[in-house]
Structures are given as structure tokens and as C-alpha cells.
Amino acid sequence: MVFYLKKYDLLLIHPPRVLRPDYRKNAKFIRGTFLFLPMGVFAIADLLEKEGFGVKILNYPLEQYLNRNWKLTNFLKNIDFKVCGLDLHWIHNAHGAIEVAKIVKKANPNSKVVLGGYSASYYHYQILKYYEDIDAIIRGEGEIPLLKYVQCIKKNQSLENVPNLSYRDSSKHIKINSLTYTAKTLDNLNFTNFSLLENAKQYFESSRQMMGISFNLPIGRGCPFNCPYCGGGQRAQKILSGRENVILRKPEKIIDDISSISNNFKIPSIFFGHGTYPATLKYWKRLFGLIQKEDFDIGGDLEIWRLPFPKDMWNAFYKTFPRRYSSLSISPRTMSSRVHQKIAKLCDPTFNFPKKQINDLIKNANLYRRTLRIWLTVGFPFQTHLDIQKDFIFALKCQLKYGKSSSKPITIMNEPYHVFPGSPAHESPEKFGLKLTLNSFPQISEFFKRTKISFFYNAINYETSNFSKMSIRNANMLLFLSTILTSLTTGSNLSD
Ligand code: SF4
């Protein structure tokens with residue numbers, strides 16, 4: 001019998017954190033597994049398919065979740081491919097991406113392995129320098145650069161004109177092409193071609209089970225703000241992808257996506273991949289108006305990036321989404337206005353979450369009976385022990401007042417943070433009173449190899465003048481435990 005290998009031009013693999021996680025016997029797979037594909041992956045895959053290339057998307061942690069004995073090497077044995085793209089967007093995949101590259105190269109030494117995503121963009125030079133299984137890195141926004149890369153590889157052409165590309169040439173020299181591509185619009189891209197993903201149905205179901213979110217829906221690109229630990233803010237995106245401004249998709253396109261998702265999969269809610277702030281309130285109201293006209297039975301999870309979030313927005317959110325499976329979230333990180341003011345001065349004048357406006361949010365969440373999540377943390381820059389005590393008191397008061405009844409929908413959430421590459425605090429830690437504990441990509445990759453995947457976030461890469469890594473973790477754990485009642489009694493078990 002003749003056995004034909006299935007052929008692809010491009011195999012996209014979402015890597016795991018570690019190849020064989022120790023989930024202990026019968027332990028459930030957990031949130032730290034990072035099951036999500038970065039939002040742009042479907043659009044990249046769809047574009048290449050439209051251009052006539054054979055494309056497949058494989059989600060490594062998902063496959064392993066579905067079958068504990070699943071092995072990438074076995075999957076690769078049955079296919080042939082020219083280029084393998086690995087997303088290294090979130091730094092948590094720093095070890096997994098390198099390990100997957102090794103497996104791919106061993107299985108198919110003639111293939112090219114290319115990385116993309118924010119973290120790969122930030123560390124492009126170090127990755128090419130230290131890891132020879134990686135042939136190239138696409139920096140910044142990837143759809144056109146990856147298309148051109150695959151075209152050049154198929155035709156055996158020079159790579160010197162591929163935008164945003166860093167690569168090793170035939171003499172093993174690292175070449176860095178200019179960062180010239182950033183998308184002007186996203187309306188020509190399709191973010192919902194799920195047919196290219198292996199086990200797409202299970203992806204949606206498992207994402208909800210493990211990560212609490214079914215699907216991150218792309219709304220736009222860019223962010224006008226600069227939160228201290230975020231690697232996706234305005235200045236970080238300028239460095240990583242050359243993006244100068246925010247672009248938003250046409251609301252009609254979002255409606256098409258929600259239709260496509262709800263027609264194909266049974267999912268309880270959509271997480272919107274862009275937040276609200278004064279400049280986008282009109283946009284959100286228009287989108288909500290269009291959603292109301294449709295017959296979707298779907299909840300919405302929306303972040304408030306900057307205040308105010310006026311009462312008419314609450315009203316629009318209330319009319320658009322059922323109570324069950326819907327939420328609003330805000331991340332002041334601490335209730336200390338002294339800390340907010342210091343950060344506002346250092347990196348972002350809009351970083352302002354006045355107590356009065358937070359209280360208004362709480363009031364409106366109760367009025368409209370919609371879940372409001374307030375995210376705090378221990379370990380934010382300039383926080384003192386007194387600030388932490390006050391945050392504990394705020395959290396406990398919320399718990400006592402709203403935590404015992406399912407009719408009062410306030411949830412205090414918290415976890416330790418990671419200072420992401422490219423973020424304001426990562427670029428100037430001393431200004432923020434921080435000391436970073438990992439200073440090169442190999443160190444980071446080793447760190448994620450060793451850090452156990454746990455329910456409670458533990459990949460802390462810094463200490464502050466007031467808190468060591470250990471005290472950041474322990475104090476966050478304590479805050480989490482003291483507010484867990486509110487998390488258990490609000491949100492998804494409610495109906496209108
Ligand atoms: S955390 Fe801050 S900087 Fe990052 S995307 Fe959200 S609002 Fe923008």
C-alpha cells in the first residue's frame with residue numbers, strides 16, 4: 001500500500017510552557033497552561049490559505065489536554081511541511097517554543113522554523129544567536145511578512161526584502177531587515193477561519209474550562225496607554241512593531257465574527273480583545289447597538305482600560321448582554337492614589353483611578369446587576385506595607401458587603417504580575433524602584449522550564465524595594481484567599 005504524507009506549506013504550532021508538564025496524578029489541567037492562541041494567528045493562517053498555500057494550525061497544549069499520551073513527533077511523522085511558525089507572543093512560552101523548534105527540526109531538518117509575537121520580537125537577536133534550530137523571527141505584525149517569507153522559501157529566493165524579518169543567512173550571519181510593515185486596517189483580515197485549527201471545537205470548550213474565557217475576539221490593534229508592567233502598551237508597541245496608533249475594526253466585522261462563532265460553536269461568552277476608554281466609548285456604543293439588533297444568545301466580557309465608564313455605558317452593556325457569563329473588569333492594581341500619581345508622572349498621565357469613580361462603578365454594577373471585577377496586586381511599583389494594608393481592607397470591605405450574596409456582583413481579583421519585555425518598568429526598572437531578576441532570553445527560557453505550572457500565578461521576575469519575590473507571591477496568595485468568597489458567589493451562575 002502506498003502511503004502519502006499530507007503536505008502543508010505552513011504548519012503553525014502554538015507551543016506549550018513545558019513539553020511534559022507535571023500535572024500530578026489526576027490533577028486538572030490548569031490556567032497556567034496558556035491554551036490560548038494569540039488573536040492574530042487565525043488571520044495569518046487564513047491569509048496564507050487565500051493566497052493558495054496549504055496551512056494547518058496545531059495547538060500543542062490542547063492536544064496534550066485531549067490526550068495525555070499525545071506526542072508531537074508522532075503528529076509530524078504523518079505530514080510534510082516547508083515552514084513551521086511558532087508563536088512566542090507571551091513570554092511564558094519562552095522554553096516551550098525553543099523545545100518545539102528542536103523537535104520540528106529533528107523531524108524535518110529541511111523545514112524552516114520561524115518565530116513571531118511580541119516576546120520573539122523583543123528578543124529576536126538573542127534567540128537567533130543562541131538557538132540554531134530557529135531560522136528566522138518575524139518582528140511586530142506578522143501577516144504580510146509571513147506571507148512573503150513563505151513565498152520566498154517556496155521559490156528559494158533571497159529573504160532580504162521580507163519586511164520585519166530577522167534571520168540567519170547562508171553564512172550563518174544574523175541579518176535584520178527593517179520594520180516596515182504595520183497594518184493600516186484589519187478589515188481585510190479574517191479572524192474566524194477556525195477550519196484550519198486541529199480540534200477547533202474542543203479548543204473553544206477547553207478554553208472555557210481551563211482559562212475561564214471561550215474566545216478572545218480581536219477588536220483592534222494598539223493601545224494608547226502605558227501601564228507600567230504591560231508589554232502591549234503604546235511605547236512598547238512602537239518599539240516592537242513600529243505601531244504609532246490604534247486601529248479598530250469596523251463594528252460590522254465584529255458582528256460577522258460573533259455570528260460565525262455562535263453559528264459554529266456553543267460558547268457562553270465572548271471576551272473583547274480591546275478595552276474601553278473615553279476615546280472609544282462611541283465605538284463601543286455603536287457596536288453594542290448592532291449586537292442588540294442580532295439574535296445572539298451570548299455574554300460579553302469587557303475591560304475598562306481607563307475611566308470614566310459613564311452610566312449610559314452601563315445601560316448599553318446591560319441591554320446588550322445577559323447577566324449570566326458577562327462581566328466588566330478594571331485594573332487599578334492598587335487603591336493608593338499616591339501610587340497612581342507616581343505612575344502617572346513617570347509613564348502615563350492617564351493612569352488615574354479615583355476612589356470616587358471606583359465607587360461609582362460599584363454602585364452601577366449593583367444597579368445594573370452586572371459582574372464587576374476589580375483587579376489588585378501586591379508588588380506594584382512604590383507600594384508600601386501601609387498601601388497593602390489599605391488594599392486588604394478595601395478588598396475585605398467589598399467581600400463583607402458584596403461577597404455573601406449572589407445578587408451583589410462585585411469581585412475582587414488579584415494575582416502577582418510579570419514585568420513584560422518592552423514595558424515601561426522593564427525598560428527602566430530603577431525609575432520604578434524595581435530589580436529585574438532575569439536579564440537575558442536564555443535565563444528566561446530556563447526560568448520557565450523550572451517554574452511549576454500552578455493555578456496561582458508564580459512566574460515573578462522582579463522585586464521591589466519593599467517586597468521580595470517571595471513576599472509578593474505570599475501576600476498575593478493571602479489577598480486571594482481572603483477575597484475568594486466574592487469570586488465564588490458572583491458571575492457565571494447568575495441569570496437575569
Ligand atoms: S495593560 Fe494598560 S498598556 Fe497594556 S493593553 Fe491594557 S491598558 Fe494598554
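Just so it is clear, the model here is predicted, and its values are computed rather than measured.

## Quick look at the pairing of strand β12 (residues 299-304)
With 5 of 6 residues buried, β12 lies mostly within the body of the structure. In terms of strand pairing, strand β11 (residues 269-272) meets β12 through 3 bridges, oriented parallel. The partner of Ile 270 across the bridge, within β12, is Gly 300. Each parallel crossover has a hand, and the one from β11 via helix α11 (residues 281-293) to β12 is right-handed. Bridge analysis of β12 against strand β13 (residues 327-333) gives 4 bridges, and the strand direction is parallel. Opposite Leu 302, over in β13, you have Leu 328 as the bridge partner.

## What about unusual backbone geometry?
Backbone torsion omega between Leu 307 and Pro 308 reads 5°, so that peptide bond is classified as cis. By the element assignment, Pro 308 lies in the loop between β12 and α12 (311-320). Although it is not a glycine, Asn 156 sits at a positive phi angle of roughly 60°. By secondary structure assignment, the location of Asn 156 is in the loop between α7 (143-155) and β6 (165-168). Overall, the presence of 6 C-beta atoms within 10 Å leaves Asn 156 in the exposed class.

## Observations regarding the packing of helix α1 (residues 41-50) against α7
Between α1 and α7, the least distance of the axes is 9 Å, while the angle of their chain directions is 40°. Put simply, α1 runs oblique to α7. Regarding α1 and α7, the two cross each other, and that crossing is right-handed. Contact residues: Ala 43, Ile 44, Leu 47 and Leu 48 in α1; Glu 143, Leu 146, Leu 147 and Val 150 in α7. Residues belonging to the contact of α1 with α7 are distributed by class as follows: 7 nonpolar, no polar and 1 charged.

## Some thoughts on the sheet that holds strand β4 (residues 112-116)
Spatially, β2-β1-β3-β4-β5-β6-β7 is the arrangement adopted by the 7 strands of the open sheet, whose pairing is mixed. With one partner strand each, in any of the chains shown, β2 (55-59) and β7 (174-176) form the two edges of the open sheet. Across this sheet, the average inter-strand angle for adjacent strands is 20°, counted without regard to direction. Bridging between strand β5 (residues 136-138) and β6 involves 3 bridges; their strand directions are antiparallel. Bridging across to β6, Ala 136 finds its partner in Tyr 167. Sheet strands touched by α1: β1 (6-14), β2 and β3 (79-87). Its angle to β2, the strand with the most contacts, is close to 160°.

## Remarks on the site of the ligand
Close to the ligand lie Cys 223, Phe 225, Asn 226, Cys 227, Cys 230, Gly 232, Gly 233, Gly 275 and Trp 305. Of the residues assigned to the shell around the ligand, the class counts are 5 nonpolar, 4 polar and no charged.

## Digging into the domain arrangement of the protein chain
By domain assignment, the protein chain separates into domain 1 (6-176) and domain 2 (213-489). Taking only C-alpha atoms into account, the centre of domain 1 sits 28 Å from that of domain 2. Facing the 26 residues of domain 1 at the interface are 25 residues of domain 2. At the level of elements, α4 (94-107), α5 (118-122) and α6 (124-130) are the ones that each hand at least two residues to the side of domain 1 that touches domain 2. Ranked by residue count, the leading element in the side of domain 1 that touches domain 2 is α5, at 4 residues. Residues that form the side of domain 1 that touches domain 2 fall into these classes: 13 nonpolar, 8 polar and 5 charged.

## Here's the deal with the sheet that holds β12
In space, the 6 strands of this open sheet follow the order β8-β11-β12-β13-β14-β15, with parallel pairing throughout. Both outer strands of the open sheet, β8 (216-217) and β15 (410-414), are each paired with one neighbouring strand and no more. Relative to strand β14 (residues 371-376), helix α14 (residues 355-368) is tilted by about 150°, and along the sheet it contacts β13, β14 and β15.

## Overview of helix α15 (residues 385-402)
With 18 residues, α15 extends 25 Å between its outermost C-alpha atoms, agreeing within 8% with the 26 Å of an ideal straight helix rising 1.5 Å per residue. The set of residues buried in α15 consists of Ile 388, Asp 391, Ala 395, Gln 399 and Tyr 402. The buried side chains of α15 occupy one side of the element, clustering within an arc of 100° when seen end-on. Away from the buried face of α15 by more than 90 degrees, exposed residues Leu 386, Gln 389, Ile 393, Lys 397 and Leu 400 are located.

## Observations regarding the environment of Thr 182
With respect to the helices, strands and loops of the structure, Thr 182 is situated in the loop between β7 and α8 (200-211). Through-space distance from the C-alpha of Thr 182 to that of Asn 164 is 9.2 Å; in sequence the pair is 18 residues apart. Setting aside its immediate chain neighbours within four residues, Thr 182 contacts Gly 140, Glu 141, Ser 241, Gly 242 and Arg 243.

## Comments concerning the packing of α4 against helix α17 (residues 441-450)
At their nearest, the axes of α4 and α17 sit 7 Å apart, and the two run at 95° to each other. The angle between α4 and α17 places the two elements in the roughly perpendicular class. Mapping the contact onto sequence places Ala 94, His 95 and Ile 98 in α4 and Phe 441, Ile 444, Ser 445, Phe 448 and Lys 449 in α17. Looking at side-chain class alone, the contact of α4 with α17 contains 5 nonpolar, 2 polar and 1 charged residues.

## Observations regarding α1
The buried count for α1 comes to 8 of 10 residues, which makes it a mostly enclosed element. The set of residues buried in α1 consists of Val 41, Phe 42, Ala 43, Ile 44, Ala 45, Asp 46, Leu 47 and Leu 48. At its buried positions, α1 is contacted by β1, β2, β3 and α7.

## Some words on the environment of Arg 450
With respect to the element layout, Arg 450 can be found in helix α17. A residue is classified by how many C-beta atoms lie within 10 Å of it, and Arg 450, with 8 of them, is exposed. Along the primary structure Arg 450 and Lys 56 are separated by 394 residues, whereas in three dimensions their C-alpha atoms are 30 Å apart.

## Some words on the pairing of β1
Pairing of β1 with β3 involves 7 bridges; the strand directions are parallel. Each residue of the ladder has a partner; that of Leu 11, found in β3, is Cys 84. Pairing of β1 with β2 involves 5 bridges; the strand directions are parallel. Residue pairing in the sheet places Leu 12 in a bridge with Ile 57 of β2.

Conventions used here
- Residues numbered from 1 in each chain as written.
- Predicted model: local features only at pLDDT ≥ 70, side-chain atom pairs only at ≥ 80, totals over all residues.
- Buried ≥ 20, exposed ≤ 12 C-beta atoms within 10 Å, placed from the backbone.
- Helix = DSSP H or I, 4+ residues; strand = E, 2+ residues; numbered from the N terminus.
- Pairing = 2+ DSSP bridges.
- Right-handed = clockwise from strand over helix to strand, strands pointing away.
- Axes fitted to C-alpha atoms, helices over the stretch in contact; angles between N-to-C directions.
- Parallel < 35°, antiparallel > 145°, perpendicular 65-115°, else oblique.
- Left-handed = near helix turned anticlockwise from the far one by under 90°.
- Contact = placed C-beta atoms within 7 Å.
- Nonpolar A, V, L, I, M, F, W, Y, C, P; charged D, E, K, R; others polar.
- Near = placed C-beta within 6 Å.
- Domains from an automatic or database assignment.
- Expected span 1.5 Å × (residues − 1).
- Arc of directions from axis to C-beta.

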